[in-house]
Amino acid sequence: MANKGPAYGLSRECIQKTQAKFDMESAMEALDWIEAVTGAPLLPEDGGIYDNQLQVQEKIKDGEALCDLINTIAPGIIRKVNRSKLPFKQMENIEMFLTACRNYGMKEVDVFQTQDLYEGKAMYIVINCIHTLGSLARKNDFDGPVIGVKIADENTRHFSEEQISEGKKVISLQYGYNQGASQKGMTAYGMTRHM
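Scoring rules and cut-offs
The residue numbering used here restarts from 1 in each chain and proceeds along that chain's sequence as written. Two thresholds apply to this predicted model, a pLDDT of at least 70 for residue-level local features and 80 or more for giving and counting side-chain atom pairs, whereas whole-chain, interface and lining totals are computed over all residues. The side-chain quantities take in all heavy atoms of the structure and omit both hydrogens and water. Between the N-to-C directions of two axes lies an angle of 0 to 180 degrees, each axis being a line fitted to C-alpha atoms and, for a helix, fitted only over the stretch in contact. Each helix is a run of H or I in the DSSP string that is no shorter than four residues. Each strand is a run of E no shorter than two, and both are numbered from the N terminus. Orientation is classified from the angle alone, with under 35 degrees giving roughly parallel, over 145 giving roughly antiparallel, 65 to 115 giving roughly perpendicular, and any other angle giving oblique. Contacts are assigned to residue pairs with any non-hydrogen atoms lying within 4.5 Å of each other. Each residue receives one of three labels: charged for Asp, Glu, Lys and Arg, nonpolar for Ala, Val, Leu, Ile, Met, Phe, Trp, Tyr, Cys and Pro, and polar for the others, Gly being one of them. Residues belong to a common nonpolar core when they are buried Ala, Val, Leu, Ile, Met, Phe, Trp, Tyr or Cys residues joined through side-chain atoms within 4.5 Å. Exposed residues in this analysis have more than 50% of their type's maximum accessible area, buried residues have under 20%, and partly exposed residues fall in between, with area computed by a 1.4 Å probe over protein chains only. Pairing of aromatic side chains requires ring centres within 6.5 Å, counting the rings of Phe and Tyr and the six-membered ring of Trp. Pairs whose planes differ by under 30 degrees are stacked, by over 60 edge-to-face, and all others tilted. Here, a charge over a ring is recorded when the distance from Lys NZ or Arg CZ to the ring centre is within 6 Å and its angle to the ring normal is within 35 degrees. The handedness criterion is simple: a crossing whose near helix is rotated anticlockwise from the far helix by less than a right angle is left-handed, and one whose near helix is rotated clockwise is right-handed. To estimate how far a helix should extend, the number of its residues minus one is multiplied by 1.5 Å.

### Let's talk about the packing of helix H4 (residues 64–73) against helix H7 (residues 123–139)
1) Next: One way to put it is that H4 packs onto H7 with a least axis distance of 11 Å and a crossing angle of 10°. With respect to H7, the element H4 is oriented roughly parallel. Between H4, through Leu 66, Leu 69, Ile 70 and Ile 73, and H7, the contact on the second element is made entirely by Ile 130, Leu 133 and Ala 137.
2) Next: Here the residues of the contact of H4 with H7 sort into seven nonpolar, no polar and no charged.

This is the structure:
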């Protein structure tokens, strides 16, 4: 994280709430997938798991592994990956990854912000984004390792005019039903209930 002092009050509660949403198992699954697709060594050498989210952040903070990942899934979507250790180049890598995700078809709600990863503000959003990218890769017929749930395909239905007119004859309960739930017999506001 950036060099910031301790947070107090509501700020501290918000930070704790954000950190509580982070799931190490999901993060390790995401790192394992990135390593399987790109070949970049991201997992601990001893085969264990990381202790906290800062260790996960340090592995992907420079954005290189993420850029390599999206370039493997969609070749050429990022033209040049910065291999520099300068902070603004690393943030540029993250921004290029996010732009590539949007161009690949990811919804804006699934994309994280650069500071979520670079400053470690919301690592759970970063991990969710990687899982969503895996789902998109599966939907777009990526032939490598997969992660995430399968996104449903559109299933359009076409009805004939006869079927549509038959459906209009059915009166559902949503049109109103005078014997169903009502306020009949309830006490009015401010009145005491006599028993």
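### Overview of the nonpolar core
1) Next: The biggest cluster of nonpolar side chains holds 45 residues, and the ones touching the most others in it are Trp 33, Val 56, Phe 97, Phe 112, Ile 130 and Leu 133.
2) Next: Contributing elements (two or more residues each) for this core: helix H2 (24–38), helix H3 (53–60), H4, helix H5 (87–104), helix H6 (114–118) and H7.
3) Next: Here this core gets nine residues from one element, more than from any other, and that element is H7.

### Here's the deal with the side chain of Gln 53
1) Next: Topologically, Gln 53 is positioned in helix H3.
2) Next: Once residues within four sequence positions are removed from consideration, Gln 53 is found in contact with Gln 19, Phe 22, Met 24 and Met 123.

### Digging into the packing of aromatic side chains
1) Next: The full count for this structure, using the stated rule, is one aromatic pair.
2) Next: The ring of Tyr 118 has Lys 61 sitting right over it, with the charged end atom 4.7 Å from the ring centre.

### A word on the packing of H4 against H5
1) Next: With their axes 8 Å apart at the nearest point, H4 and H5 run at an angle of 25° to one another. As the angle between them shows, H4 and H5 are arranged roughly parallel. Classified by chirality, the crossing of H5 by H4 is left-handed. Only Asn 93, Phe 97, Ala 100, Cys 101 and Tyr 104 of H5 make contact with H4, whose side of the interface consists of Glu 64, Leu 66, Cys 67, Ile 70 and Ile 73.

### Focus on H7
1) Next: With 17 residues, H7 ought to run about 24 Å at 1.5 Å a step, and its terminal C-alpha atoms sit 25 Å apart, in line with that.
2) Next: The first or second residue beyond H7 is Asp 141, which carries a positive phi of 65°.

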